[in-house]
Amino acid sequence: MDLTIESIEEVLSLLYVEGGRELDLRSVGFIDPFALLVLDLAVRDARAAGRLLHVEWPTLPAVRRWMIDMGFFADTKAVSPDLPLREIGTALQPIVSIESEEHVSHLVAAFERRLSERFPIDDAPRRRFLRILLELCQNIPQHSNATGEIPDPHGIAAMQDYDDGVLLAIADKGIGFRGSLALRGGMDDLRDATAISSVVLDGISRFRDPGHGRELQRIFRLVRSWDGTIAIRSGRALLYHGPLGGDLYDVAPFPGVQIALRIPRRVFGIGEPPGGEPGVAAGGGSGFNE
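Residues numbered from 1 in each chain as written. Predicted model: local features only at pLDDT ≥ 70, side-chain atom pairs only at ≥ 80, totals over all residues. Heavy atoms only, no water.

Comments concerning the overall build of the protein
Stage number 1. Along its length, the protein carries 9 helices and 9 strands.
Stage number 2. Counting over 290 residues, the protein shows a buried share of 52%.
Stage number 3. A fraction of 64% describes how many contacts in the protein between residues 6 or more apart in sequence connect residues 24 or more apart.
Stage number 4. Carbon and sulfur atoms make up 50% of the accessible area of the protein, which amounts to about 13,200 Å² in all. (Helix = DSSP H or I, 4+ residues; strand = E, 2+ residues; numbered from the N terminus. Buried < 20%, exposed > 50% of the residue type's maximum accessible area, 1.4 Å probe, protein only. Contact = heavy atoms within 4.5 Å. Areas by Shrake-Rupley, 256 points an atom, 1.4 Å probe, with all protein chains shown as cover.)

Following this line, the structure appears as structure tokens:
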């Protein structure tokens, strides 16, 4: 069992459609950053709502270790599995909180530094990646609690490298696209699917100023041009596009906005890793979450 961009929907359906209160993840053999952030927010959402949620965590040591290295248990305040400490972790960029616009520039610099330390990235793709990361992170303080009614939208981000590319995930449990566009006026009765389509495909923002909006539209088109994968989720809708195509899907209800980008290594000017052994991190570490 793997928890990925595509399969995390099964977990959300169990929790938010079937009303499940027990989650058995013991057989999970792999988790990507997007699934990890969604799981993080689901644990927090259950706690905030006073819902009892019992989770059996993965038993595979490599997966447990990666979750610890990513800061999952520290961020959710869940009980961490008992594993020995070590000096070198396998996480490219552990979970970080996005608290304010002032904090975003420091966060982006940290992401870029970690990526550059692991790979000799060309200047042009580095600048392009930083612009994408900056725009995605800024959306959280600007939109996730635009109504001021969400006690803690808890914006978070994380990143991991793989043999086929880099996966960046950014998520919050705020008001979502539909809630944000409702503040524009005349758009307060949209379905979640229509809201995602309006924001991502049409470039519409809650601000009427022509200088706002279109950032996600540009990012969506750019990732598609790279033959990468992009998933944008909000409320009851998911816009997904990968190398083989995609569509706009109805999914289980979940608060906020969650975004994943899987960017091929060649986009960064990074060659394919030698050997490509399964279970080995792209950065050369062993016992990796794969």
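Considering helix α2 (residues 33–49)
Stage number 1. Given a rise of 1.5 Å per residue, 17 residues ought to cover 24 Å, and the 24 Å separating the end C-alpha atoms of α2 matches this to within 8%.
Stage number 2. A large share of α2 lies buried, amounting to 14 of its 17 residues.
Stage number 3. Residue D32 occupies the N-cap position of α2, its side-chain oxygen lying 3.1 Å from the main-chain nitrogen of F34.
Stage number 4. Just past α2, the residue G50 takes up positive phi, approximately 75°. (Expected span 1.5 Å × (residues − 1). Polar contact = N/O pair within 3.5 Å; in protein donor to acceptor, adjacent residues only side chain to side chain.)

Remarks on the confidence of the model for the protein
Stage number 1. Of the residues in the protein, 88% reach a pLDDT of 70 or more, and the chain-wide mean stands at 86.
Stage number 2. Segment residues 276–290: pLDDT under 50, and 36 contacts once partners within four positions in sequence are set aside and those in other chains are kept. (pLDDT = per-residue confidence, 0-100.)

Details of the packing of aromatic side chains
Stage number 1. Counted according to the given criterion, the structure contains 6 aromatic pairs.
Stage number 2. An angle of 80° between the planes, with centres 5.2 Å apart, marks the rings of Y16 and F254 as edge-to-face. Residue Y16 is located in helix α1 (residues 8–16), and its partner F254 is located in strand β9 (residues 245–264); the two are separated by 238 residues in the primary sequence.
Stage number 3. Classification of F254 by relative accessible area gives buried; the value is 2%.
Stage number 4. Both rings, one in W57 and one in F72, keep their centres 5.3 Å apart while their planes meet at 75°; by these two values the pair is edge-to-face. Pair noted here: W57 is in the loop between β4 (54–56) and α3 (61–69) and F72 is in helix α4 (residues 72–76), with a separation of 15 residues, a long-range link. Neither residue differs from the other here; W57 and F72 are each classed as buried.
Stage number 5. Through a chain of ring-to-ring contacts, three or more aromatic side chains come together here, namely W57, F72 and F73. (Phe/Tyr/Trp six-rings, centres within 6.5 Å; stacked < 30°, edge-to-face > 60°.)

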